[in-house]
Amino acid sequence: MIKQIFGRLPRKPSKSAESREASAATATLSSNSSVNSRSGESSISRPLSSHNFVTPGSYSEYCYGGKTYPTIDSKLNGNLLSPTYEALPSFKDVPISEKQNLFIKKLNFCCKVFDFTDQTKSLKEKEAKRQALLELADYVTSVNGKFTEYVMQEIIKMVSANLFRPFLPAPREGKIIEALDLEEEEPLMDPAWPHLQIVYELFLRFVGSAETDAKLAKRYIDHSFVLRLLDLFESDDPREREYLKTILHRIYGKFMVHRPFIRKAINNIFYRFIFETEKHNGIAELLEVLGSIINGFALPLKEEHKLFLVRALIPLHKPRCISAYHQQLSYCITQFVEKDCKLADTVIRGLLKYWPITNSSKEVLFLGELEEVLEATQPSEFQRCMVPLFHRIAHCLSSSHFQVAERALFFWNNDHIDNMIKQNHKVILPIIFPALERNTRSHWSQAVQSLTLNIRKLFSDHDPELFEQCLRKFEEDEAKQNDIKAKREALWNHLEDVAASKALTATHQTSSLENH
């Protein structure tokens, strides 16, 4: 039966298929990806970290080498154990010439997928598979020699059978939960993780190994495989997404031919998230991978990369759940500005376009990101957007939410931003002066009043004449507003009196008619 299945597998003639035993060298997670000068991208050097979390079922088929093959359903083999496996020895107990055959047999055994929703079911078989996976992972890092194409094929078959599976609906789905409440919930841990973790570790070592020939491996780690790997970022289990992030990073670095496709596929995930679902567990991890990719972009930036900034990254500020991935998004945005200072105006206007009006916590995040962008902004670009920018900052300065007001006032603690404001104070001060003056007179927060007085003094010391002009104009505008308010109140009082007199007249007329 196994021979029949092998006979159907897509195989291409290769000298390496007849070579000696397959192996791989240890792949360290901190290693950098290689440089592709023709693609205009340098090494991917930024360190990675993790975030966010589903419970698996199992696919009834797996895909590799561009074709789809059936697997054994977990419900059917929950109590089964390959009778041949019990006789399989350990790698250390067989001669070198037999190790590759044993490796293949153990890979085939590990294609079995067990049901982990019932922790009391098939315990012996699950433990046997776990031990086999551990042996396979150790073998991948300990043998010398290149992986043959056939071994690559079998590794991808086993990885596909175990990893590519549908996610069962999370118990919290169907509830109406605000984004902030969702963040506070405990992540859902996958009960199959004791097996999945080892499969991920084995695959990570395989992809990162210097003994894995990318030209051969790309036949099996193809576009279809990459898409299904990206689908797994929907997992609710943060441990799985951490492995996926690192593996995707390695694939992007090793398989240069896949780089444009990976960027486009991530783009599509973002579009669906922004404009359709606003639900995805792996946005933070995908952005973290992109942070490393953007860090490696060569200069001058390609038009494709600038379009990605405008069409995907900036609109990611729109969803309500931005706090789940804002740190990673802010890093990506700032990288673009640092690489091309002319993009500062585009980024700042994009932030203003998606600026939150009623969400104070989101507004604080935007102000923090804006400070990072301004810190990387050149004076010439600052002048292009400072008028709409400081109209928005003026609104933030006079916000009744003290955190928003404080965060806006902290801009003056940044020397670079403070210097640019001073250079353009004749334009900026008239815009923000009313907000500063109202804060000093009537803001309920003592901390906001104190910070505002400090900034007010900075402007007063820097240009006393302009400050006095702004103060006079503010007082004149306030007097006009008070006059308008008084006239409005007088008009309303007059209307109320007229209405009351008419009502009284109507009452008298009604009563006189009743008397007659």
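Residues numbered from 1 in each chain as written. Predicted model: local features only at pLDDT ≥ 70, side-chain atom pairs only at ≥ 80, totals over all residues. Heavy atoms only, no water.

*Asks:* Report on a nonpolar patch on the surface, specifying residues and quantitative values.
*Replies:* On the surface, Leu-491, Trp-492 and Leu-495 cluster together into a nonpolar patch covering about 330 Å² of accessible area. Along the polypeptide, Trp-492 turns up in helix H22 (residues 464-515). Of the residues examined, Trp-492 reaches a relative accessible area of 52% and is grouped as exposed. (Patch = residues over 30% accessible without salt bridge, like charges linked within 9 Å, V, L, I, M, F, W, Y side chains within 5 Å. Areas by Shrake-Rupley, 256 points an atom, 1.4 Å probe, with all protein chains shown as cover. Salt bridge = Lys/Arg side-chain N within 4 Å of Asp/Glu carboxyl O. Helix = DSSP H or I, 4+ residues; strand = E, 2+ residues; numbered from the N terminus. Buried < 20%, exposed > 50% of the residue type's maximum accessible area, 1.4 Å probe, protein only.)

*Asks:* Pulling in residues and values, what's your account of the packing of aromatic side chains?
*Replies:* Describing an aromatic ring pair means giving the distance of the ring centres and the angle of the ring planes. Within the structure shown, the criterion is met by 18 aromatic pairs. Judged by centre distance (5.8 Å) and plane angle (20°), the rings of Tyr-200 and Tyr-243 are stacked. In this pair, Tyr-200 sits in helix H7 (residues 193-208) while Tyr-243 sits in helix H10 (residues 238-254), placing the two residues 43 residues apart along the sequence. The burial state of Tyr-200 is the same as that of Tyr-243; both residues are buried. Aromatic pair Trp-412 and Phe-459: ring centres 6.3 Å apart, planes at 75°, arrangement edge-to-face. Residue Trp-412 is located in the loop between helix H18 (402-409) and helix H19 (415-423), and its partner Phe-459 is located in helix H21 (residues 446-462); the two are separated by 47 residues in the primary sequence. With respect to class, Trp-412 is no different from Phe-459; both count as buried. (Phe/Tyr/Trp six-rings, centres within 6.5 Å; stacked < 30°, edge-to-face > 60°.)

*Asks:* Which residues make up the environment of Leu-397, and what values go with them?
*Replies:* With respect to the helices and strands, Leu-397 occurs in helix H17 (residues 379-397). Considering only alpha carbons, one finds Leu-397 and Asn-439, 42 residues apart in sequence, at a separation of 7.8 Å. Excluding residues within four positions of it along the chain, Leu-397 makes contact with Ala-405, Ala-408, Leu-409, Trp-412, Ile-432, Ala-435, Leu-436 and Asn-439. (Contact = heavy atoms within 4.5 Å.)

*Asks:* Let's hear about empty space enclosed by the protein: which residues, and what values?
*Replies:* Taken as a whole, the largest cavity spans an internal volume of roughly 50 Å³. Taken together, Trp-412, Asp-418, Ile-421, Lys-422, Leu-458, Phe-459 and His-462 make up the full set of residues lining the largest cavity. At the level of secondary structure, the elements contributing two or more residues to the lining of the largest cavity comprise H19 and H21. Here the residues of the lining of the largest cavity are counted per class, giving four nonpolar, one polar and two charged. (1 Å grid on protein atoms, 1.4 Å probe; cavity = no way out; pocket = protein on both sides within 12 Å on 5 of 7 lines; lining within 4 Å. Points joined across faces, edges and corners; volume = space filled by probe spheres on them. Nonpolar A, V, L, I, M, F, W, Y, C, P; charged D, E, K, R; others polar.)

*Asks:* Please provide a residue-by-residue account of the pattern of salt bridges, values included.
*Replies:* Summed over all chains, the structure comprises 26 salt bridges. The partner of Glu-371 in a salt bridge is Arg-407, and the shortest N-O contact between them spans 2.7 Å. Here the residue Glu-371 occupies a position in helix H16 (residues 360-375), and Arg-407 occupies one in helix H18, the gap between them amounting to 36 residues. The pair Glu-371 / Arg-407 is uniform in exposure class, with both members buried. Two residues, Glu-478 and Arg-438, come together in a salt bridge whose shortest N-O distance is 3.7 Å.

*Asks:* Please set out unusual backbone geometry residue by residue, giving values where relevant.
*Replies:* Cis geometry marks the peptide bond from Leu-299 to Pro-300, where omega comes out at 0°. Within the fold, Pro-300 resides in the loop between helix H12 (283-295) and helix H13 (303-313). For Glu-278, which is not glycine, the phi dihedral falls at a positive 55°. Relative to the assigned elements, Glu-278 resides in the loop between helix H11 (259-277) and H12.

*Asks:* Account for the confidence of the model for the protein, naming residues and giving values.
*Replies:* Across the protein, pLDDT averages 82, with 79% of residues at or above 70. When the criterion is pLDDT under 50, residues 1-85 qualifies, and its contacts beyond four places in sequence or with other chains add up to 249 contacts. Ignoring residues within four places in sequence, the model shows residues 172-183, a span with pLDDT below 50, making 15 contacts including any to other chains. (pLDDT = per-residue confidence, 0-100.)

*Asks:* Requested: an account of helix H14 (residues 326-339), with residues and values cited.
*Replies:* Taking 1.5 Å of rise per residue, 14 residues should cover 20 Å, and H14 covers 20 Å from first to last C-alpha, within 8% of that figure. Counting buried residues along H14, ten of its 14 residues qualify, which places the element largely inside the surrounding structure. Along H14, the residues that are buried comprise His-326, Gln-328, Leu-329, Ser-330, Cys-332, Ile-333, Thr-334, Gln-335, Phe-336 and Val-337. Buried residues along H14 sit against H12, H13, helix H15 (344-353) and H16. (Expected span 1.5 Å × (residues − 1).)

*Asks:* So what's going on with the nonpolar core? Which residues, and what values?
*Replies:* If you look at the biggest cluster of nonpolar residues, it comprises 136 residues, and the most contacted ones within it are Phe-203, Phe-270, Leu-287, Leu-313, Tyr-325, Phe-390 and Ile-432. A total of ten residues in this core trace back to one element, the largest contributor, which is H7. Not counting the four nearest positions on each side in its chain, Phe-203 is found in contact with Ile-156, Val-159, Ile-221, Phe-225, Ile-247 and Ile-251. (Core = buried A, V, L, I, M, F, W, Y, C linked by side-chain atoms within 4.5 Å.)

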